[in-house]
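Residues per chain are reported as follows:
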Amino acid sequence: AAGVIQSPRHLIKEKRETATLKCYPIPRHDTVYWYQQGPGQDPQFLISFYEKMQSDKGSIPDRFSAQQFSDYHSELNMSSLELGDSALYFCATADRGGAGDEQFFGPGTRLTVL
Amino acid sequence: GESVGLHLPTLSVQEGDNSIINCAYSNSASDYFIWYKQESGKGPQFIIDIRSNMDKRQGQRVTVLLNKTVKHLSLQIAATQPGDSAVYFCAEKPSGGSNYKLTFGKGTLLTVNP
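What counts, and where the lines are drawn
- Residues numbered from 1 in each chain as written.
- Chains lettered and ligands numbered in written order.
- Predicted model: local features only at pLDDT ≥ 70, side-chain atom pairs only at ≥ 80, totals over all residues.
- Heavy atoms only, no water.
- Pairing = 2+ DSSP bridges.
- Helix = DSSP H or I, 4+ residues; strand = E, 2+ residues; numbered from the N terminus.
- Axes fitted to C-alpha atoms, helices over the stretch in contact; angles between N-to-C directions.
- Salt bridge = Lys/Arg side-chain N within 4 Å of Asp/Glu carboxyl O.
- Phe/Tyr/Trp six-rings, centres within 6.5 Å; stacked < 30°, edge-to-face > 60°.
- Buried < 20%, exposed > 50% of the residue type's maximum accessible area, 1.4 Å probe, protein only.

A. Summary view of the sheet that holds strand β2 (residues 19-24) of chain B. Residues and elements named next belong to chain B. Taken in spatial order, the four strands line up as β2-β7-β6-β5 in an open sheet, and their pairing is antiparallel. On the outer flanks of this sheet lie β2 and β5 (56-58), each paired with one strand and no other. When strand polarity is set aside, the average angle formed by the axes of neighbouring strands in this sheet is 15 degrees. When β5 meets strand β6 (residues 62-67), the two strands line up antiparallel, connected through three bridges. Across the sheet, the residue bridging to lysine 56 is leucine 65, located in β6.

See below:
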């Protein structure tokens, strides 16, 4: 079965650079959630999109922005990177239009900021 | 035990024993709870879920118990196997509106000794 795809899987950037993380949902999933997970921490919700509109916002820094495109994939744009942004970034997708509650997680992007 | 800083609560069991992982959730308005398993370097993987109108749900080798009175969730794994070694997170979703984001609890590291 198709799963959530995230790219790149690993990314190394320097401070003050920018990064773009991509998430491709499971086919027919209309909702994307972004989470950040620091070392030894639980995933923290950043932002979500439903049918290409932002649906909820969590602890996302102003330096970050995201959007969902017409094909339902989503991109998380991160600017002015800081050392503390080093983390695993997961997206999860769901079929909310089908009233599904379960979120399916991707394999994550490991971002390292040097 | 309580997690402090980067230290996860840990549970070490022998192969074949039963494991019980506990989670205290914070929002009495949450109506949907999920247990996720996360192996090193991978995204959270759905194990089992339960709605607030239930107090017990069973899956294959796993059982989730929900005590709404004390806002406590537990995951029981029967006949624990080495492949069960991972970090386990509980997550909750508040009821109502468009708030579908998940709030994760602190993970528990399960180590299964052969």
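B. Main features of the pattern of salt bridges. Counted according to the given criterion, the structure contains nine salt bridges over all chains. Across the pair glutamate 75 of chain A and lysine 22 of chain A runs a salt bridge whose closest N-O atoms are separated by 3.9 Å. Of this pair, glutamate 75 of chain A sits in strand β8 (residues 74-78) while lysine 22 of chain A is found in strand β3 (residues 19-24), placing the two residues 53 residues apart along the sequence. A salt bridge links aspartate 31 of chain B to lysine 93 of chain B; the nearest nitrogen and oxygen atoms lie 3.6 Å apart. Placement of the pair is aspartate 31 of chain B in strand β3 (residues 30-38) and lysine 93 of chain B in strand β8 (residues 86-94), with a sequence separation of 62 residues. A network of salt bridges, in which partner residues are shared, links Arg63, Glu82 and Asp85 of chain A.

C. Representation of the packing of aromatic side chains. One pass over the full model with this rule turns up nine aromatic pairs over all chains. Plain terms: the ring middles of tyrosine 35 of chain A and phenylalanine 45 of chain A are 5.8 Å apart, the flat faces sit at 70 degrees to each other, and that makes the pair edge-to-face. Of the two residues, tyrosine 35 of chain A sits in strand β4 (residues 31-37) while phenylalanine 45 of chain A sits in strand β5 (residues 44-50), which places them 10 residues apart along the sequence. The exposure class of tyrosine 35 of chain A is buried, given its relative accessible area of 0%. Here tyrosine 25 of chain B and phenylalanine 33 of chain B contribute two aromatic rings whose centre-to-centre distance is 4.5 Å and whose plane-to-plane angle is 50 degrees, an arrangement assigned as tilted. Of the two residues examined, tyrosine 25 of chain B and phenylalanine 33 of chain B, each falls in the buried class.

D. Region of the structure containing unusual backbone geometry. Residue serine 7 of chain A is joined to proline 8 of chain A through a cis peptide bond whose omega torsion reads -10 degrees. Among the structural elements, proline 8 of chain A can be located in the loop between β1 (5-7) and β2 (10-13). You will see that arginine 28 of chain A, though not glycine, has its phi angle at about 80 degrees, which is positive. Structurally, arginine 28 of chain A can be placed in the loop between β3 and β4. In this structure, arginine 61 of chain B takes a positive phi of about 65 degrees despite not being glycine. You can see arginine 61 of chain B is positioned in the loop between β5 and β6. With a relative accessible area of 30%, arginine 61 of chain B lands in the partly exposed category.

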